[in-house]
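# Structural description and commentary
So the chains spell out like this:
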Amino acid sequence: MTAFVVVSVIKVFVVFGAVLGTVLFTIWLERKIVARMQSRYGPNRWGPFGLFTSLADGVKLFFKEQVSPRGIDKAAYVAAPVLALIPAFLAFAVIPFGEHVTLFGQTVTLEVTDLNVGLLWVIAMGSLAVYGVVLAGWASGSKYPLLGGIRSSAQMISYEIALSLSLVPVVVWAGTLSLREIVEAQIGTFGTIGWLPGPVQWIGHLIPKWYVVFQLPAFLLFMAAGVAETNRAPFDLPEAETELVAGYHTEYSGIKFAMFFLAEYVHIITISAVAVIMFLGGWDGPHLPFLPWMWPLMNFMGKTFTLVFLFIWLRATLPRIRYDKLMVLGWKGLIPMALGWLVVSATILTVKDAYFG
Amino acid sequence: MHQYVFVVIGVLMAIAAVRLVTTKNVVHGALYLLMVLAGAAAIFILLLAEFVGWVQVLLYIGAVVVLLLFGLMLTRAPIGRTALDNQSRALAALVAGAIFAMTSMVLVRAFDGQMIDFSQTLTVRTLGGVLFTKYVLPFEVVSVLLLAALVGAVVLAKRDE
Amino acid sequence: MPEGYFGDYFTFGMFAGLVVVLVGGTLLLARLVRPRVDKDEKLSTYECGVDPIGGGWTQSTVRYYIFALLFVIFDVEAVFLFPWATVFEEIGIFAFIEMMIFIAILGLGLVYAWRKKVLEWI
């Protein structure tokens, strides 16, 4: 009983600290990588390679004056950044980032908690992200934030459907909504493939059982919808500075602006982590004989940061797309494709169960 | 223990519900509605129905209240601090009281004396198993209902132009 | 008692509590330490640098509302898909057929909206 509580307290603090640290690191990483891609140096003053720049920025924003314009709706104006940041952090409660370690004689799973409906929880928290945007836009009592807020909330709700639909085929294959069980179903390789000609049967030992192998379309749909859901380039319409100044957070400054900023990066990491869990086998990967708890963690981090790098790369490469094209892509492209792929993948599984057992 | 948590959630929900109908600002009203719905989700989770609880968060908080907020932003009139009130308070109280009495009666009758067995949890799989074998027809009817709603939305949109 | 179902939610509630306390605490602390210099010009909303004209709250097009309605409908569909997906292999071909009917009916709705040109933005 007490051991359970102590372990819970440790887990809660470690996960929160780790998420915050990862977010600050990601912000630095983005500035550095985009700078390199544009032949600049990027931040290089604070700490080695400018590593502490994000921290310095945070401290600076903390001490900045908060300019709130005359016409705001005070309650909603304060609630908006809080409602943007809290669900973003809470989504991490169910993300498993490693196997387990033994602590005080207890086997501790490396995640805050493993809910039976973990996947649904992550999606539900993603759907709450729209509140920060819509309330910030409305509460500011200003034209640009209102336009930006309603525009980006329409974008977020449109792509949220494609996002959830693209995850359904994986649940069909795994048969569970618990993220830990989904990862456990992907561990290992295909082994010897019987129906291949003899000399190449061994090739199955090289192919991991990750869902991305059979669910590649779902993975691509998920990433496309995920980029739009996090409001990142090329779908960063909410902050289209050429047309909307800064979108929904035009009238925000100081620590409240920092909260919106943090929430965006937490969402990037969440989407990457969920993609790794659902499609890329979570912590599955190479193990070396020493430090057995470390390798799953390293595998998970490595895969997640690869996807985070993809997000950054997209931003540095692609121009913003037009709003009407964005909505058409969501409703006429991603949603029908996700539904179609769901039908195809359910058909494949039915045929496989009926004829191959 | 369960009882105490239930009472705390219930009181918070009641306060939020009262503020919801007394506030003069409709967007604040939507925020109070959010609190009431979150409380309902918490009660579902407390009663071991975690899937229903999170669906409550996903659909009601994540979708229906957003729809409400969108509706408020389209109409210029009730935005902001304009007082929204009319003379039908007594009638409204009567209707609300009647609905409350009726639903409580139906619920008490339906679950009379039944207790939840806290030793076993209701998993998604149990729920899915029942929904897709025993209640197939209602499930398919839901799709027709959703289709009707969709057609209604489209017709509304087209009439506007 | 804390192990199992309620144990999960206990840990979970602790995490939620920590996040809420830290976010709220940051806001409060920032309020105490940040400077405050009142100037009337600073309080006007941003509108390209000139004085704002008219109120900040305006009407927006009905199109947003239509997309929100469609969103609610398809969100309900997605929520039905999840429990179906978990029991798909247990129930087998029967579950497959009933979900295909469900998706077909809603797909019909999407096609209808498409043909009526509601999904177009302009």
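Keep in mind that this is a model prediction, so the values were computed, not measured.

## Examining the overall build of chain A
A count of helices and strands for chain A gives eleven helices and two strands. Ordered by position from the N terminus, the helices and strands of chain A form the series α-α-α-β-β-α-α-α-α-α-α-α-α. Taking 357 residues into account, the globule formula puts the C-alpha radius of gyration at 21 Å, and chain A, at 22 Å, falls close to it. The C-alpha extent of chain A, read off along each of the three principal axes, is 75 × 50 × 45 Å. Here chain A holds 357 residues, and 53% of them are scored as buried. Counting only contacts in chain A whose residues sit at least 6 apart along the sequence, the fraction spanning at least 24 positions is 74%.

## A closer look at the overall build of chain C
Looking only at helices and strands, chain C has three helices and zero strands in total. Listing every helix and strand of chain C by position from the N terminus yields α-α-α. Expressed as a percentage of its 122 residues, the buried residues of chain C come to 35%.

## Some remarks on the confidence of the model for chain A
Close inspection of predicted coordinates is inappropriate for parts of the model with low pLDDT. Per-residue confidence for chain A gives a mean pLDDT of 83, with 95% of residues at or over 70. At the low end of the mean pLDDT range in chain A sits helix α8 (residues 241-244) of chain A, at 68; at the high end sits helix α7 (residues 216-229) of chain A, at 90.

## So, the interface of chain B and chain C
Counting residues at the interface gives 41 residues for chain B and 37 residues for chain C. The set of elements that each furnish at least two residues to the side of chain B that touches chain C consists of α3 (50-74), α5 (124-131) and α6 (136-159) of chain B. At 14 residues, α6(B) tops the list of elements feeding residues into the side of chain B that touches chain C. Tallied by class, the residues present in the side of chain B that touches chain C amount to 29 nonpolar, seven polar and five charged.

## A short note on the interface of chain C and chain A
Contact with chain C, which involves 57 residues of that partner, is made by 66 residues of chain A. With 16 residues, the single largest contributor to the side of chain C that touches chain A is helix α1 (residues 4-33) of chain C. In the side of chain C that touches chain A, the residues fall into 37 nonpolar, eleven polar and nine charged.

## Section: the nonpolar core
By size, the foremost hydrophobic cluster in this structure holds 183 residues, and its most contacted members are Leu120(A), Ala162(A), Val170(A), Val171(A), Ala275(A) and Leu70(C). Residue contributions to this core reach at least three from each of two domains, namely domain 1 (1-34) and domain 2 (62-115) of chain C.

## What to know about the packing of helix α1 (residues 2-37) of chain A against helix α10 (residues 294-317) of chain A
Residue and element names in this part refer to chain A. Axis separation between α1 and α10 bottoms out at 10 Å; the angle between their running directions is 45 degrees. The angle between α1 and α10 places the two elements in the oblique class. Where α1 crosses over α10, the two elements pack in a sense that is right-handed. Note on element contacts: α10 touches α1 through Val308, Ile312, Arg315 and Ala316, opposite Thr26, Leu29, Glu30, Ile33, Val34 and Met37.

## Here we look at the environment of Val151(B)
Mapped onto the elements of the fold, Val151(B) is located in helix α6. Taking the C-alpha atoms as reference points, Val151(B) and Ala30(B), 121 residues apart in sequence, are found 26 Å from one another. If we ignore the near neighbours within four places in the chain, the residues touching Val151(B) are Gly109(C) and Tyr112(C).

## Quick notes on the packing of α7(A) against helix α9 (residues 254-279) of chain A
Residue and element names in this part refer to chain A. For the pair α7 and α9, the least separation of the axes is 10 Å and the interaxial angle reads 165 degrees. For the element pair α7 / α9, the angle class is roughly antiparallel. When you trace α7 past α9, the crossing you get is right-handed. Listed contacts from α9 to Phe219, Phe222, Met223, Gly226 and Glu229 of α7 are Ile271, Ala275 and Phe279.

## Some thoughts on the environment of Tyr41(A)
Residue and element names in this part refer to chain A. Mapping Tyr41 onto the fold places it in the loop between α1 and α2 (53-62). Under the C-beta neighbour-count criterion, Tyr41 is labelled exposed, with 10 such atoms within 10 Å. A sequence separation of 95 residues divides Tyr41 from Ala136, and the C-alpha atoms of the two residues are 34 Å apart.

## Observations regarding α9(A)
All names here are of chain A. Over its 26 residues, α9 extends 38 Å from the first C-alpha to the last, a length consistent with the 38 Å expected when each residue adds 1.5 Å. Summarising burial for α9: 24 of the 26 residues are buried, a large majority. After α9 finishes, the residue Gly281 shows a positive phi value of roughly 75 degrees.

## Details of the environment of Tyr265(A)
Residue and element names in this part refer to chain A. Along the chain, the position of Tyr265 falls in helix α9. Among the residues examined, Tyr265 registers 24 C-beta atoms within 10 Å and is labelled buried. Taking C-alpha positions, Tyr265 is 28 Å from Val213, a pair spaced 52 residues apart along the chain. Not counting chain neighbours up to four residues away, the residues in contact with Tyr265 comprise Val23, Thr26 and Ile27.

## Comments concerning unusual backbone geometry
At Phe49(A), a residue that is not glycine, the phi angle is positive and equals roughly 55 degrees. Classification of Phe49(A) as partly exposed rests on a count of 13 C-beta atoms within 10 Å.

Rules used in this analysis
- Residues numbered from 1 in each chain as written.
- Chains lettered and ligands numbered in written order.
- Predicted model: local features only at pLDDT ≥ 70, side-chain atom pairs only at ≥ 80, totals over all residues.
- Helix = DSSP H or I, 4+ residues; strand = E, 2+ residues; numbered from the N terminus.
- Rg over C-alpha atoms; globule rule 2.2 N^0.38 Å.
- Buried ≥ 20, exposed ≤ 12 C-beta atoms within 10 Å, placed from the backbone.
- Contact = placed C-beta atoms within 7 Å.
- pLDDT = per-residue confidence, 0-100.
- Nonpolar A, V, L, I, M, F, W, Y, C, P; charged D, E, K, R; others polar.
- Core = buried A, V, L, I, M, F, W, Y, C linked by C-beta atoms within 7 Å.
- Domains from an automatic or database assignment.
- Axes fitted to C-alpha atoms, helices over the stretch in contact; angles between N-to-C directions.
- Parallel < 35°, antiparallel > 145°, perpendicular 65-115°, else oblique.
- Left-handed = near helix turned anticlockwise from the far one by under 90°.
- Expected span 1.5 Å × (residues − 1).

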